Amino acid sequence: MNGTYNSSTTTNISTQEETKCAIEDANSITKTLVILGFALVLVSSLVGNSLLIRVALWDKEARKKFPFNFLIINMAIADIMNASSASLVFILFLKIGRRWVSGIFGQISCKVLYFTVGFSVAASILTVVVMGLDRLMAAHATIRPLTKKGVRQAMALIWILAGLFCIPYFYIFKVEEGPDGKHYCIRRWSEDIEKHIQILEIEELTKFVVLYVLPLIFMVICYAIIACRIRRRSELPVGSNTRSKIVQQNQRVVRMIVAIVVIFAVCWLPVHVNHLLRSFDVETYCKLPAFLILSFFWLAHANCAINPWVWFMFSRHFRGLLKASTSIKSIEKRWTESKKGRNGHIPLTAKRSTMKRLIIIEENNDAMI
């Protein structure tokens, strides 16, 4: 949604008085570099998120004990959708501009493609928010994280809310014939250009608040509380070896938490500023170099390619599972065990003495480290 390109004043292509923006006249070098950049995002996202899904599904024991893994899968699916649709949108734009095919197929494809970009972005961000809430509950001594049923309900709610948030895209994106006789996929709220700009300003402000400011504030608060709680675990009355293990575990978790929040903030801030500038000061926006604007869009969508590698970089547990899931011997062993119908479910205890509470919190963090 925030990563899709829409022209500035945009969109009444039937007039000859549009503001011509630098992004419309990107040179061949810029186009080639950006296309290569989006191709890299697409490949990296497909490979990274596919491996992340494989690892999360491979960890059969964790799937039973920690439904959090299904949230990781949900995020990976949304990121694959984002990378695929956004890459297609930008590569098409850089090759043929906003030109589109006519007829029913053109109308449907125009609406569906841009809806998919916004839908997947919203779903990914909402999933990260729910993951933060789940980890906060897991870090609390008296609150259990989301159950399998709770995770299923949260996942359903994520996709429903993302869909509802992006439903207007089916109305505002349409294919129209321009004065040159060619057809274009455009975004327009109203035939009245002034009204269109007013609604566009409201839209961009809403997206900035709902998909950036509020999630970022929520993540900062959640992960700050989590960081404080896991650091306090080192003060529990346990042996020196256990304390050393806790300290090392805490350091990995805190580093991962900081990385997740910083990467989200850095990747999405430039494109939101770009959208607001386009809506409120189109003249300044149109003077920005094409490469700079396209870099903002690329950086935002690069977030979906970076996410899976963050998990593998900071999670020794996930790296081990990745190695196991791609080992021929492990695959053969898994296949043999699946035919035997092995069931290794071990329920979590409800009692929480100091040591048991420590063990449970450590287990809940296994999905992260």
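Residues numbered from 1 in each chain as written. Predicted model: local features only at pLDDT ≥ 70, side-chain atom pairs only at ≥ 80, totals over all residues. Heavy atoms only, no water.

Novice: What is the right way to look at a nonpolar patch on the surface in this model?
Specialist: Nonpolar side chains collect at one region of the surface, where Leu157, Ile160, Leu161, Leu164 and Ile167 lie side by side and expose about 470 Å² of accessible area between them. Mapped onto the fold, Leu157 is located in helix H5 (residues 148-166). (Patch = residues over 30% accessible without salt bridge, like charges linked within 9 Å, V, L, I, M, F, W, Y side chains within 5 Å. Areas by Shrake-Rupley, 256 points an atom, 1.4 Å probe, with all protein chains shown as cover. Salt bridge = Lys/Arg side-chain N within 4 Å of Asp/Glu carboxyl O. Helix = DSSP H or I, 4+ residues; strand = E, 2+ residues; numbered from the N terminus.)

Novice: Help me understand the packing of aromatic side chains, please; the structure alone is not making it clear to me.
Specialist: Each aromatic ring pair is summarised here by two numbers: the centre-to-centre distance and the angle between the ring planes. One pass over the full model with this rule turns up twelve aromatic pairs. Pairing Tyr169 with Phe173 gives two aromatic rings, centres 5.1 Å apart and planes at 50°, and the pair type is tilted. Judged by centre distance (5.8 Å) and plane angle (15°), the rings of Phe208 and Tyr212 are stacked. Of this pair, Phe208 and Tyr212 are both found in helix H7 (residues 193-232), four residues apart, which corresponds to roughly one turn of the helix. The pair Phe208 / Tyr212 is uniform in exposure class, with both members buried. Ring pairing ties together the aromatic residues Phe115, Phe119, Trp159 and Phe170, which thus form one cluster. Note that Arg135 overlies the ring of Phe68, its terminal NZ or CZ placed 4.1 Å from the centroid. Its end group placed over the ring of Tyr171, Lys174 keeps NZ or CZ at 4.9 Å from the ring centre. (Phe/Tyr/Trp six-rings, centres within 6.5 Å; stacked < 30°, edge-to-face > 60°. Buried < 20%, exposed > 50% of the residue type's maximum accessible area, 1.4 Å probe, protein only. Lys NZ or Arg CZ within 6 Å of the ring centre and 35° of its normal.)

Novice: Explanation requested: the pairing of strand S2 (residues 183-187) in the structure shown.
Specialist: Where a strand is regular, its side chains alternate between the two sheet faces. Of all five residues in S2, four are buried, a share of seventy percent or more. Strand direction decides the pairing type here: strand S1 (residues 173-177) and S2, joined by five bridges, are antiparallel. Directly across from Lys174, in S2, lies its bridge partner Ile186. Counted between consecutive antiparallel strands, the loop separating S1 from S2 contains five residues, among which Gly181 sits at a positive phi close to 85°. (Pairing = 2+ DSSP bridges.)

Novice: Just checking my understanding: could you explain the side chain of Lys174 for this structure?
Specialist: By secondary structure assignment, the location of Lys174 is in strand S1. Buried and without a salt bridge, Lys174 has Glu176 as its closest oppositely charged side chain, separated by 4.9 Å. (Lys, Arg positive; Asp, Glu negative; His and termini not counted.)

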